[in-house]
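If you want the building blocks of each chain, they are given just below.
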Amino acid sequence: MKQELVPIHSFQQLTPEILELTFISDHLAATAQPGQFINIRVDNSFPLLRRPFSIFNIEGNKVSIIFNVIGTGTKVLARKRTGDTIDVLGPCGNHFLSFVDDSFDTALFIGGGIGVAPFPFLTSRYPAGKKVLTYVGGRQKDLIVQKGLRDPRIATDDGSLGFSGTVLDLIKRDLAASPVSRPRFFVCGPTRMMKAVAEYAKEIGASCYASLECDMACGIGLCQGCNIEMAAGDKKYRLVCKDGTIFETQSVKLP
Ligand SMILES: Cc1cc2nc3c(=O)[nH]c(=O)nc-3n(C[C@H](O)[C@H](O)[C@H](O)COP(=O)(O)OP(=O)(O)OC[C@H]3O[C@@H](n4cnc5c(N)ncnc54)[C@H](O)[C@@H]3O)c2cc1C
Ligand code: FES
């Protein structure tokens, strides 16, 4: 993990709501794994606290994140221009590939809203020959990102794109029609959605790994501000930023 000032290479508007920001980093290109995040100090003066973002993709030495403008930090980030620099700390956290083994056959990548962010990078690094089904859900079509995904199945709450309903409704429908052998769910999105997916996974006997979100400050295990209560294992609490962000869902008490 390293802190560095990196130059912004480009911006791309992926949907009316979602921007992709690409910067150059040889360090992250050489070290980052799918599911890891970076902690960005968006400005020298304000806001002081870094903001965490999943690594969306890496091509050569170009690293990208996606975001929608929701508050101070993302507003500052959206005003940056090509050639400006940002202060990036990373890569942080664990990664999805450490949970890819022979104990399952079919992976389901499940992204909710901006929680789709880690899946293009995971798609590009996922072992060839292992089967993947990709699902993306969102409130409406402007919140659906498909870039970098392989044949994503889309669900929107308002029916403006793809299946009309939640992404979990779509998964249930598909798996009822065409069951898959030994599935493992990899999910990232709003906590309510991840909780519902985790419960369904348990019901059908699938393993489920979720990339958890919470308010973070340091992002590297120093401030103790991102505790999550465990449901199993030797420790009562773990740190989302350092021990996660990815946890087996039956091992944690999802808030
Ligand atoms: C590990 C991790 C990875 C993340 N990856 C991404 C990503 O790839 N793309 C992305 O857009 N966002 C991602 N996020 C969320 C992102 O960090 C926040 O959206 C960002 O910090 C908001 O900063 P801000 O200054 O714009 O908003 P603030 O001014 O800090 O907050 C504005 C409002 O949004 C609410 N808010 C802040 N953070 C969140 C949140 N995480 N969820 C829901 N509401 C929130 C606040 O409570 C407040 O009401 C990630 C978060 C974590 C922990
Ligand atoms: S954010 Fe500081 S310990 Fe996790």
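Below, the discussion takes up the site of ligand 1. Residues in close proximity to ligand 1 total 21 residues, the closest being F67, G71, G73, T74 and A117. If you list the elements that add at least two residues to the shell around ligand 1, you get strand 4 (51-54), strand 6 (62-67) and helix 2 (72-78). When residues in the shell around ligand 1 are grouped by element, the largest group, 4 residues, is from strand 4. A class-by-class count of the residues in the shell around ligand 1 yields 12 nonpolar, 7 polar and 2 charged.

Accessible area lost upon the coming together of the parts is a frequently used measure of interface size. Taken as a whole, the protein is organised into domain 1 (2-92) and domain 2 (96-211). If you look at the interface, domain 1 gives 16 residues, while domain 2 gives 17 residues. Put simply, the parts of the chain that give the side of domain 1 that touches domain 2 at least two residues each are strand 5 (57-59) and strand 6. The residue inventory of the side of domain 1 that touches domain 2, partitioned by class, reads 9 nonpolar, 6 polar and 1 charged.

Before going further, it helps to examine helix 5 (residues 191-204). The α-helix winds at 3.6 residues per turn, so residues separated by three or four positions along the chain end up facing the same way. For helix 5, built from 14 residues, the straight-helix expectation of 20 Å at 1.5 Å per residue is met to within 8% by its first-to-last C-alpha distance of 20 Å. Of the surrounding elements, those touching the buried residues of helix 5 are strand 8 (106-112), helix 4 (167-177), strand 12 (183-188) and strand 13 (207-211). Directly after helix 5, the chain includes G205, whose backbone phi takes a positive value near 75 degrees.

Turning our eyes to something else, we now look at the sheet that holds strand 13. The 7 strands are arranged 11-10-9-8-12-13-16 in an open sheet whose pairing can be described as mixed. Every other strand in the sheet has two partners, leaving strand 11 (163-164) and strand 16 (246-248) as the edge strands with one partner each. Across 5 bridges, the pairing between strand 12 and strand 13 is parallel. Across the sheet, residue R184 finds its bridge partner in strand 13, namely S207.

Time to look at the pairing of strand 9 (residues 131-138). Counting buried residues along strand 9, 6 of its 8 residues qualify, which places the element largely inside the surrounding structure. Bridge count between strand 8 and strand 9: 7 bridges; the pairing is parallel. Paired with L108 across the two strands is L133, which belongs to strand 9. For strand 9 and strand 10 (residues 153-156), the ladder comprises 4 bridges, and the chain directions are parallel. When the bridges of strand 10 are listed, V136 appears paired with I154.

Three or more residues of helix 4 are buried, namely V167, L170 and I171. End-on, the buried residues of helix 4 take up no more than an arc of 100 degrees, which puts them together on one face. Those residues of helix 4 that are exposed and aimed more than 90 degrees away from the buried face are A176 and A177. At its buried positions, helix 4 is contacted by strand 8, strand 9, strand 10 and strand 11.

Spatially, the 7 strands line up as an open sheet ordered 4-3-7-1-2-6-5, and their pairing is antiparallel. What marks the edges here is a single partner per strand, and that holds for strand 4 and strand 5. In this sheet, neighbouring strand axes are inclined to one another by 40 degrees on average, regardless of whether the strands run parallel or antiparallel. Pairing geometry for strand 1 (residues 2-13) and strand 7 (residues 85-92), over 6 bridges, is antiparallel. Bridge pairing in strand 7 links Q3 to L89.

Turning our eyes to something else, we now look at unusual backbone geometry. The general pattern is negative phi for most residues beyond glycine and trans for most peptide bonds. At the junction of F46 and P47, the peptide bond is cis and its omega measures out at -5 degrees in the coordinates. That bond from G244 to T245 is cis: its omega, 20 degrees, falls within 30 degrees of zero. Within the secondary structure, T245 is located in the loop between helix 6 (240-243) and strand 16. One non-glycine residue, D151, lies in positive phi territory at about 45 degrees. With respect to the element layout, D151 can be found in the loop between strand 9 and strand 10. Even without being glycine, R182 reaches a positive phi, approximately 35 degrees. The residue R182 is located in the loop between helix 4 and strand 12 in this model.

Conventions used here
- Residues numbered from 1 in each chain as written.
- Chains lettered and ligands numbered in written order.
- Predicted model: local features only at pLDDT ≥ 70, side-chain atom pairs only at ≥ 80, totals over all residues.
- Near = placed C-beta within 6 Å.
- Helix = DSSP H or I, 4+ residues; strand = E, 2+ residues; numbered from the N terminus.
- Nonpolar A, V, L, I, M, F, W, Y, C, P; charged D, E, K, R; others polar.
- Domains from an automatic or database assignment.
- Contact = placed C-beta atoms within 7 Å.
- Expected span 1.5 Å × (residues − 1).
- Pairing = 2+ DSSP bridges.
- Buried ≥ 20, exposed ≤ 12 C-beta atoms within 10 Å, placed from the backbone.
- Arc of directions from axis to C-beta.
- Axes fitted to C-alpha atoms, helices over the stretch in contact; angles between N-to-C directions.

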